[in-house]
Amino acid sequence: MKHKFARIIPAFLVFGLLLSAVAGAQDRSLSRRQFDAAVAVVDPEERIAALEAFISRNRDAELAVSAHEEIVRSRAEIAERRLADNDIRGAMDLLRRAIAGLPEKTSDRFFESTVARIPFAVSARGYRAEAIDLAALLEARFSKEPLRLGAMGEFYLSLEAPVEAIRTLEAAVRLSREDVKLRRPLAAAYRMGLRLDEADKELQQIAALDASDARAYAELGNLARARGDYGEAARLYRSQLQTDKENAAALEGLALVELAEGRESAAAAALDRIRSLKGADAVDRNLQLQTQLGFYFLAQGKYPQANLAIVQAIAREPRYSWARIAAAELDIAEGRYFEAENHLLAALRNADFPTLRFTLGKLYLAVEDFNGALEQFARAFVIARSGKFAARLGGVLPFEAERLSDLLARERQASIFVAKPPTTDEQFTLAETLVRLEARLQALKPDSSDATPAVGAARRGGGRITRSSESELEAAANAFINVEGLRRAFRALYVAQRLAQLGQAHDYTQKLVDMVLDLSDAATAPEGSLPEYPNYDREGRIRILRGRALDARGWSHFQQRRNREAIAALQDAVDVYDALPEGRAAMWRLAMIRETVGETREALELYLAAYEPPQDASAVDVKRSVVEVLYRKVHGSLDGFEERLGKSFETAPGVAAAQPGGVNTAAAPAAKAPVKLPEAGRGAKLVQARINPRLLRWPFASAAEKAPPPGTVAAGSDTESQAAPGRPRRVPAEEPKRGDEPSATPSRSRRVKTP
């Protein structure tokens, strides 16, 4: 009996297991049908409710994971609709809930098809910051999974967010140190973040891990070329070609090395080889290659070849900032300032980084628009407390350097692998000395703060300058003035005018004025030496320069309350200007001082002669109010005021009448005797329409490039149509529409109305 029961018990167990298996299969079948029914619900919100109900009663772990995935997918679907309706807040709430609801384990297929696409969907709608926030949530969620971290790192790279990409990819590499697929985007992130040394080390690691890598040696060669190490670059490019004889990147690099070292025919042969292997478009429509060719040809003064390369680059992608910078540098080199400005303003519509701002400032520096240059330089870099120049390169890398050339080099090296800047040492020095001088001048303002050691000691109480700081100011000013000899007088005048406006360093201001007057004859001798008035003859140029200097002298005296000396200097300025329109400003200041000392009738006559209505008809006419008040004070009423207002310049007191005969400007006295108008015919050139200097080559303009003759310049007409005749338009410099221009960077190349 005992043995009989022993045989029966296993039979019951087997039967029980069979029944259990059948029941489990029936349950799974039922669960599958319920799951499929929930997934089949058309409305995504109802589908989510059905799936949540399914999870609450289902015991199948595998189907529960699938249900969670479907909920995530459904929430992403609803979020997509809200994004289409511009409901970013509602969409972000749903996507955060979707990420929080991810199952503990997600399949590769689900990750690639749904999860990784979540931040992409948001960025595609233009919400970059929100997309980065979502990627950060996914980064935290998959912090132990290197391949998925790598996917997030590559997403950050697609958004040009190198800081986030580096953080994520470094974490991925720590988890899987020998995975080349992770190290490659990390090297790209280092380069995008301008951390070139780390990029170089990472590429060397890739080459060591995989000697047959298809790109590592070529990319190392690019970094060597960016440093100017052309021998090492060539060796690395050839190492890549040993692995892949048709590697286009290595062949391009070799061509650029040959060009950088002056072997243009060898470079052309390398490019022809690429054409034969990959087709003509691999060279002619290669944006990076053509941009780099443009910079290399530009550095060697081969302007036609540079122009050809730059035109092809811009035709390929007009929004590429470095191609626009190359076009602007070419235009600056050939004196086409208006076109250069248009290229840079077009670039600013799509990017904003220190090199771009510096190039725009350098353009304004070329035409001695020092205030315009300072405005752009302030957007590019600052003087740090260390006394060095500091900038946030590429918007990501804080960096300091003693020289601007060193400060800006990384942006150029990391972006286009060009070692030599298109800016000369003299241009860098001029920019550096101007910025350091401006720091000293800003410290003289009563509301200035002691922001840096360079300016900290310049102010002591109420903005007054001390003896020690005055000597430092003079040293900074002299460094700026003496960068080169040709334009010393004009830079000295700029400093004198700034100091006169500030009412500081009066003795030094007077020395600068004397310098300008002494140098005025030689400074105005070259044609085009006065860029604001390129069509003025020698007589007009010398009068403008002397008049401005005497004006600064008078205003400096007035700031010292030396009113009689101020009146004498400003009267000299008015006499020197004679009938030139710019003299009205000096006459207005002379009227102010005469009114200050009680000479109201003389002041009134000067105000009437100097009065000009505002160019903007809707603006408040402050000057008219000033004249009106004084006229009533002198005459007791406004009778005859309208007839007197705007009386011609020539009838003003103290203004020399036009006289026949030429003037020996070399013998013209510095201050007292007025410079007379030249005889009729020659003198007519002095009052043509004023043309902005950015339209003309300067300072060595040929006769064909001067301003058009009287009658052909329409005040307020389109500037580009008035550009010097005969000049080829090398690169199509699309002019930014007024509504598209950066609000803080208005064009400085607009037509000035005829005085």
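The rules behind the values
- Residues numbered from 1 in each chain as written.
- Predicted model: local features only at pLDDT ≥ 70, side-chain atom pairs only at ≥ 80, totals over all residues.
- Heavy atoms only, no water.
- Helix = DSSP H or I, 4+ residues; strand = E, 2+ residues; numbered from the N terminus.
- Buried < 20%, exposed > 50% of the residue type's maximum accessible area, 1.4 Å probe, protein only.
- Contact = heavy atoms within 4.5 Å.
- Areas by Shrake-Rupley, 256 points an atom, 1.4 Å probe, with all protein chains shown as cover.
- 1 Å grid on protein atoms, 1.4 Å probe; cavity = no way out; pocket = protein on both sides within 12 Å on 5 of 7 lines; lining within 4 Å.
- Points joined across faces, edges and corners; volume = space filled by probe spheres on them.
- Phe/Tyr/Trp six-rings, centres within 6.5 Å; stacked < 30°, edge-to-face > 60°.
- Core = buried A, V, L, I, M, F, W, Y, C linked by side-chain atoms within 4.5 Å.
- Pairing = 2+ DSSP bridges.
- Expected span 1.5 Å × (residues − 1).
- Salt bridge = Lys/Arg side-chain N within 4 Å of Asp/Glu carboxyl O.
- Axes fitted to C-alpha atoms, helices over the stretch in contact; angles between N-to-C directions.
- Parallel < 35°, antiparallel > 145°, perpendicular 65-115°, else oblique.
- Nonpolar A, V, L, I, M, F, W, Y, C, P; charged D, E, K, R; others polar.
- Patch = residues over 30% accessible without salt bridge, like charges linked within 9 Å, V, L, I, M, F, W, Y side chains within 5 Å.
- pLDDT = per-residue confidence, 0-100.

### Regarding the overall build of the chain
Link 1 in the chain: Helix and strand counts for the chain stand at 34 helices and 3 strands.
Link 2 in the chain: The buried share among the 755 residues of the chain stands at 51%.
Link 3 in the chain: Counted over contacts in the chain with a minimum sequence separation of 6, partners at least 24 positions apart contribute 59%.
Link 4 in the chain: With the model as given, the accessible surface of the chain reaches about 34,800 Å², and the carbon-plus-sulfur share is 51%.

### Section: empty space enclosed by the protein
Link 1 in the chain: Across all of its chains, the model carries 3 cavities of 30 Å³ or more by this definition.
Link 2 in the chain: Quantified by volume, the largest cavity comes out at close to 100 Å³.
Link 3 in the chain: As for the largest cavity, its lining consists of 13 residues, and the residues nearest its centre are Thr 355, Phe 358, Arg 412, Pro 422 and Thr 423.
Link 4 in the chain: Mapped by element, the contributors of at least two residues to the lining of the largest cavity are α19 (321–333), α21 (354–366) and α23 (404–416).

### Things to note about the packing of aromatic side chains
Working definition: an aromatic ring pair is given by the centre-to-centre distance plus the angle between the planes.
Link 1 in the chain: Taken as a whole, this structure holds 17 aromatic pairs when the rule is applied.
Link 2 in the chain: A ring pair is formed by Phe 370 and Tyr 494, whose centres lie 4.7 Å apart and whose planes are at 55 degrees; its orientation type is tilted. Residue Phe 370 is located in helix α22 (residues 370–380), and its partner Tyr 494 is located in helix α27 (residues 488–502); the two are separated by 124 residues in the primary sequence. No difference in accessibility class separates Phe 370 from Tyr 494, as the two residues are buried.

### Thoughts on the nonpolar core
Link 1 in the chain: Core analysis: the largest hydrophobic core is formed by 208 residues, its most contacted members being Phe 377, Phe 381, Leu 434, Phe 480, Val 495 and Leu 499.
Link 2 in the chain: Among the elements that line this core, the one with the most residues is α27, at 9 residues.
Link 3 in the chain: Phe 381 has contacts with Phe 358, Phe 389, Ala 390, Ala 391, Leu 404, Leu 407 and Val 435, leaving out every residue within four places of it along the chain.

### Some remarks on the sheet that holds strand β3 (residues 397–401)
Link 1 in the chain: Strand order in the open sheet formed by 3 strands is β1-β2-β3, and the pairing between neighbours is antiparallel. Only two strands of the sheet have a single partner each, and these edge strands are β1 (382–383) and β3.
Link 2 in the chain: Pairing analysis gives 2 bridges linking β1 to strand β2 (residues 389–393), with the strands arranged antiparallel. Across the sheet, residue Val 382 finds its bridge partner in β2, namely Ala 390.

### Description of helix α13 (residues 230–243)
Link 1 in the chain: With 14 residues, α13 should reach 20 Å at 1.5 Å per residue; the first-to-last C-alpha distance of 20 Å fits that figure.
Link 2 in the chain: Against α12 (216–227), α14 (248–260) and α17 (287–299) lie the buried residues of α13.

### As for the pattern of salt bridges
Should the charged atoms of two oppositely charged side chains come close, the side chains can pair.
Link 1 in the chain: Going through the model one piece at a time under the given rule, you end up with 43 salt bridges.
Link 2 in the chain: Between Asp 514 and Arg 553 there is a salt bridge, with its nearest N and O atoms 2.3 Å apart. On the criterion of sequence distance, the pair formed by Asp 514 in helix α28 (residues 506–523) and Arg 553 in helix α29 (residues 538–559) is long-range, its members being 39 residues apart.
Link 3 in the chain: Accessibility expressed as a relative area gives 15% for Arg 553, which makes it buried.
Link 4 in the chain: For Glu 532, the salt bridge identified is with Arg 548, shortest N-O distance 3.3 Å. Residue Glu 532 is located in the loop between α28 and α29, and its partner Arg 548 is located in helix α29; the two are separated by 16 residues in the primary sequence.
Link 5 in the chain: On the accessibility criterion, Arg 548 (13% relative accessible area) is buried.
Link 6 in the chain: In this structure, a network of salt bridges that share partners links the residues Arg 47, Glu 77 and Arg 81.

### A closer look at the environment of Leu 499
Link 1 in the chain: Checked against the element boundaries, Leu 499 lands in helix α27.
Link 2 in the chain: Here the alpha-carbon distance between Leu 499 and Trp 555, two residues 56 residues apart in the chain, equals 9.6 Å.

### Quick word on the pairing of β3
The side chains of a regular strand alternate between the sheet's two faces.
Link 1 in the chain: Bridging between β2 and β3 involves 5 bridges; their strand directions are antiparallel. Bridging from a neighbouring strand, Ala 390 pairs with Glu 400 of β3.
Link 2 in the chain: Between the end of β2 and the start of β3, which pair antiparallel, lie 3 residues, with Gly 394 showing a positive phi angle near 60 degrees.

### Details of the side chain of Asp 551
Link 1 in the chain: Among the structural elements, Asp 551 can be located in helix α29.
Link 2 in the chain: If we skip the residues at most four places from it in the chain, Asp 551 touches Leu 570, Ala 573, Ala 586 and Arg 589.

### Quick word on the side chain of His 557
Link 1 in the chain: With respect to the helices and strands, the residue His 557 is situated in helix α29.
Link 2 in the chain: When sequence neighbours within four positions are dropped, the list of residues in contact with His 557 reads Gln 510, Arg 562, Glu 565, Ala 566 and Ala 569.

### Considerations on the environment of Glu 334
Link 1 in the chain: Looking at the secondary structure, you find Glu 334 in the loop between α19 and α20 (337–348).
Link 2 in the chain: You can call Glu 334 buried: its relative accessible area is 12%.
Link 3 in the chain: For the pair Glu 334 and Tyr 303, spaced 31 residues apart in sequence, the C-alpha separation works out to 8.5 Å.

### Side note on the packing of α12 against α13
A pair of packed helices can be characterised by two numbers: the angle between their axes and the separation between those axes.
Link 1 in the chain: Contact geometry of α12 with α13 gives a least axis separation of 8 Å together with a crossing angle of 170 degrees. Here α12 lies roughly antiparallel to α13, going by the angle between them. Where α12 abuts α13, its residues Ala 216, Tyr 217, Ala 218, Leu 220, Gly 221, Asn 222, Ala 224 and Arg 225 lie against Tyr 230, Glu 232, Ala 233, Leu 236, Tyr 237, Ser 239 and Gln 240.
Link 2 in the chain: For the contact of α12 with α13, the residue count by class is 9 nonpolar, 4 polar and 2 charged.

### Describing the packing of α14 against α17
Link 1 in the chain: For the pair α14 and α17, interaxial distance at closest approach is 10 Å and the crossing angle is 10 degrees. Accordingly, the angle class assigned to the pair α14 and α17 is roughly parallel. In this structure, α14 contributes Glu 252, Leu 256, Leu 259 and Ala 260 to the contact, and α17 contributes Leu 289, Gln 292, Leu 293, Tyr 296 and Phe 297.
Link 2 in the chain: A breakdown of the residues in the contact of α14 with α17 according to their chemical character gives 7 nonpolar, 1 polar and 1 charged.

### Regarding unusual backbone geometry
Link 1 in the chain: One non-glycine residue, Glu 160, adopts positive backbone phi at about 55 degrees.
Link 2 in the chain: Mapped onto the fold, Glu 160 is located in the loop between α8 (146–158) and α9 (162–175).
Link 3 in the chain: The exposure class assigned to Glu 160 is exposed, which follows from its relative accessible area of 60%.

### Describing a nonpolar patch on the surface
Link 1 in the chain: Together, Val 620, Val 622 and Val 626 make up an exposed nonpolar region whose accessible area comes to about 270 Å².
Link 2 in the chain: Following the sequence through the fold, Val 622 ends up in helix α33 (residues 622–635).

### Notes on α14
Link 1 in the chain: End to end, α14 covers 18 Å across 13 residues, agreeing with the expected 18 Å (1.5 Å per residue, within 8%).
Link 2 in the chain: Of all 13 residues making up α14, 10 are buried, and the element is well covered by its neighbours.
Link 3 in the chain: Within the sequence span of α14, burial applies to Ala 250, Leu 251, Glu 252, Gly 253, Leu 254, Ala 255, Leu 256, Val 257, Glu 258 and Leu 259.
Link 4 in the chain: Looking at the buried residues of α14, the elements they touch are α12, α13, α15 (264–278), α16 (281–284) and α17.
Link 5 in the chain: Downstream of α14 by one or two residues, Gly 262 has phi in the positive range, about 85 degrees.

### Description of the pairing of β2
Link 1 in the chain: Most of β2 sits out of view: 4 of its 5 residues are buried.
Link 2 in the chain: As consecutive antiparallel partners, β1 and β2 are separated by 5 residues, and within that stretch Gly 387 has a phi angle of approximately 90 degrees, a positive value.

### Remarks on the confidence of the model for the chain
Link 1 in the chain: In the predicted model, the chain carries a mean pLDDT of 82, and the fraction of residues at 70 or more is 79%.
Link 2 in the chain: This stretch, residues 448–462, has a pLDDT under 50; its non-local contacts, to residues over four places away or in other chains, come to 35 contacts.

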